[in-house]
Amino acid sequence: MTNPDIRDFTRQELAGTMISLGEKGSRVDRIFNLLHRKGAESFDAMEGIPGELKSKLAARYSLAPAPAVEKRVSKTDKTIKLLFRFPDGAAAESVVIFNKKTVSACLSSQSGCACGCTFCATGGLGLKRDLRAHEILAQFAACRREAGRAPDSVVLMGMGEPFLNWANVKKSVLLLSDNKGHNFPQARITVSTVGVVPVIRELAESRLEIRLAISLITADEKQRAELTPMEKKYPLREIVEAAGYYCARTKKMVFFEYIFFDGLNDSPQDAQKLLALIKGVPCKVNLIMYNQNPGGAAFTPGRFEKGKVFQNILVEAGIRTHMRREKGTDIAAACGQLAAGPEAP
Ligand code: SF4
C-alpha cells in the first residue's frame, strides 16, 4: 500500500507526527511552507530540513508526482482552461477567469461526477474518483501560476459535487487558508453544491468561513427531477429549508444559482415560482444561461431578453441578483461544459 501524501495533512496534524517521530515541532512551519508555498516536489528538495528528518518523513509519507497539465486559452476573453492528468490517469479541469479587475479560479473537486445532471458534460462522464486535498491544491497552484498572481476568489464549481467529497474539500479549504501555506482567505472561497442537504447543515454548524452556493437549477420540483437525479434524494424544498438553517446559524447569505433553459424555466411565472420558493431566505440569485455541450444536446440556452425580464421581477421583489456572463465557451470552459477530454477545440 502506498503511504499517504504528506500534502493531505494539516499543519496541526503534521505537528502531531513530528512529536511522534521525536522531532522538534517547531520545524513543522518550514515543512508546511516548503510543501504548499514553495511547491517542493520531493523530500530531497526540502531545503533546510536535516537529512535524517527527510528520511523519516519519506518512510511515512509519499509525495505524488505533479500532474501533467494541458492548457487552452480562449480567443474571445483570455479565459484559461487547464486539464490535469494525475499519475493514475484520473483527469480534472480548472478554469482561470479574468474579469475587469479581478481573477477567479474555478477548481474541480472530483474526476467526473456521480450526480448525473442531464444538462452537464461532467455528469455524462460518471464518477471516476474523488480528488484528494493535495490534488485540489495543485489546481490552485497552477491557476496562480497562470494568472501571475494569487486569484482574488476561488470557486469550487468545476467538475464534481464538492459535498460528495466533503472530507477532501474541507481539508483543501483548511490547507489553502493556512498562513504558512497559500494563506488564502476562506471568505473568498465559494463551494457550490447541487443540494446535498446533510452537508449544508454540517457546514452551517462548522466554523468554516467559506461561502455557500446552491444550484437550484430551476424552481419546479417536477422539472428539476428531469434535470438532475439528485432531486429525488434531496428535494428542492428540503434544500431551501437547509439553506435557511445555514443562513440563520452563520448569519451569512446563500447564493442560489438558477439556470435558464429556453422555453423551459424562463417565463415571468417561473420567476414568481422562484420567489415563492426562496421567500424569507437571505440570498443573492445568480442567473446563468445554460451552456450547450454534447451531453445536454436536448436543451437550448435561455435568451438574454427573457432573462432580463425574469431578473427584473426578482429585483422588484427585493432580491439581489447577478446575471452571469459566461466566459470561455469557445474552449468548453464555461459552467456545465467541463468534460476533461480532448473534445474541446
Ligand atoms: S452540474 Fe455539478 S453536480 Fe450536476 S453532474 Fe455536473 S458537476 Fe455533477
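Bear in mind that the values here come from a model prediction, so they are computed numbers and not experimental data.

About the criteria used
- Residues numbered from 1 in each chain as written.
- Predicted model: local features only at pLDDT ≥ 70, side-chain atom pairs only at ≥ 80, totals over all residues.
- Heavy atoms only, no water.
- Helix = DSSP H or I, 4+ residues; strand = E, 2+ residues; numbered from the N terminus.
- Rg over C-alpha atoms; globule rule 2.2 N^0.38 Å.
- Buried < 20%, exposed > 50% of the residue type's maximum accessible area, 1.4 Å probe, protein only.
- Contact = heavy atoms within 4.5 Å.
- Areas by Shrake-Rupley, 256 points an atom, 1.4 Å probe, with all protein chains shown as cover.
- Pairing = 2+ DSSP bridges.
- Axes fitted to C-alpha atoms, helices over the stretch in contact; angles between N-to-C directions.
- Arc of directions from axis to C-beta.
- Near = heavy atom within 4 Å.
- Nonpolar A, V, L, I, M, F, W, Y, C, P; charged D, E, K, R; others polar.
- Parallel < 35°, antiparallel > 145°, perpendicular 65-115°, else oblique.
- Phe/Tyr/Trp six-rings, centres within 6.5 Å; stacked < 30°, edge-to-face > 60°.
- Lys NZ or Arg CZ within 6 Å of the ring centre and 35° of its normal.
- Salt bridge = Lys/Arg side-chain N within 4 Å of Asp/Glu carboxyl O.

Thoughts on the overall build of the chain
Looking only at helices and strands, one finds 11 helices and 12 strands in the chain. Over its C-alpha trace the chain gives a radius of gyration of 21 Å, about what one expects of a compact globule, namely 20 Å for 345 residues. For the chain, the C-alpha atoms occupy an extent of roughly 70 × 45 × 40 Å along the three principal directions. By the burial criterion, 56% of the 345 residues in the chain qualify as buried. For the chain, contacts bridging at least 24 residues in sequence account for 66% of all contacts bridging at least 6. Carbon and sulfur atoms provide 52% of the accessible area of the chain, an area that totals close to 15,400 Å².

What about helix α2 (residues 28-36)?
Most of α2 is tucked away: 7 of the 9 residues are buried. The set of residues buried in α2 consists of Val28, Ile31, Phe32, Asn33, Leu34, Leu35 and His36. Here the buried face of α2 lies against α1 (11-20), α3 (51-60), α4 (133-147) and α5 (166-176).

What to know about the sheet that holds strand β4 (residues 103-106)
Taking strand neighbours across the sheet as the criterion, the 10 strands line up as β1-β2-β3-β4-β7-β8-β9-β10-β11-β12 in an open arrangement whose pairing is mixed. Whereas interior strands pair on both sides, the edge strands pair on one side only; in this sheet they are β1 (68-73) and β12 (320-324). Direction aside, the axes of adjacent strands within the sheet are offset by 20° on average. Sheet topology note: the strand β9 (residues 211-217)/strand β10 (residues 254-260) ladder contains 4 bridges and is parallel. For alanine 213, the partnering residue across the bridge sits in β10 and is phenylalanine 255.

Some points on α1
All of the buried residues in α1 are Arg11, Leu14, Thr17 and Met18. Around the axis of α1, the buried residues are gathered within 110° of arc, so they sit on the same side. Exposed and oriented more than 90 degrees from the buried face of α1 are Gln12 and Ile19. For α1, the secondary structure elements touched by its buried residues are α2 and α3. Of the residues trailing α1, glycine 22 is marked for its positive phi of about 70°.

Let's talk about the site of the ligand
The environment of the ligand is made up of Cys113, Cys115, Gly116, Cys117, Cys120, Thr122, Gly123 and Gly160. Here the residues of the shell around the ligand sort into 4 nonpolar, 4 polar and no charged.

Concerning the pairing of β1
Two elements, β1 and strand β2 (residues 80-85), share 6 bridges in a ladder whose sense is antiparallel. Paired with arginine 72 across the bridge in β2 is lysine 81.

Topic: the packing of helix α6 (residues 197-205) against helix α9 (residues 236-250)
At their nearest, the axes of α6 and α9 sit 8 Å apart, and the two run at 5° to each other. Between α6 and α9, the angle is such that the two are roughly parallel. Contacts from Val197, Ile200, Arg201, Leu203, Ala204 and Glu205 of α6 reach α9 at Glu238, Ile239, Glu241, Ala242, Ala243, Tyr245, Tyr246, Arg249 and Thr250. In the contact of α6 with α9, the residues fall into 9 nonpolar, 1 polar and 5 charged.

With respect to the packing of aromatic side chains
Within the structure shown, the criterion is met by 11 aromatic pairs. An angle of 70° between the planes, with centres 5.4 Å apart, marks the rings of phenylalanine 140 and phenylalanine 184 as edge-to-face. Within this pair, whereas phenylalanine 140 is found in helix α4, its partner phenylalanine 184 is found in the loop between α5 and β8 (189-193), the two being separated by 44 residues in sequence. Take phenylalanine 140 and phenylalanine 184: they sit in the same class, and that class is buried. Ring plane angle 75° and centroid distance 5.9 Å describe the contact between tyrosine 290 and phenylalanine 299, whose orientation is recorded as edge-to-face. Side by side, tyrosine 290 and phenylalanine 299 carry an identical accessibility label, which is buried. Directly above the aromatic system of phenylalanine 9 lies the positively charged group of lysine 171, at a separation of 5.5 Å from the ring centroid.

A look at the pattern of salt bridges
By the definition in use, this model includes 20 salt bridges. Aspartate 178 is the partner of arginine 11 in a salt bridge, and the nearest nitrogen-oxygen pair spans 3.0 Å. With a gap of 167 residues between them, arginine 11 in helix α1 and aspartate 178 in the loop between α5 and β8 connect regions that are remote in the sequence. Aspartate 178 matches arginine 11 in its accessibility class, with the two residues each being buried. For glutamate 70, the salt bridge is made with arginine 85, and the minimal N-O distance between the two is 3.9 Å. Taken together, the residues span a long stretch of sequence, with glutamate 70 in strand β1 and arginine 85 in strand β2 at a distance of 15 residues. Salt bridges here are not isolated pairs; linked through shared partners, they connect Asp262, Asp266, Arg303 and Lys306.

That is the geometry; function is a separate question.
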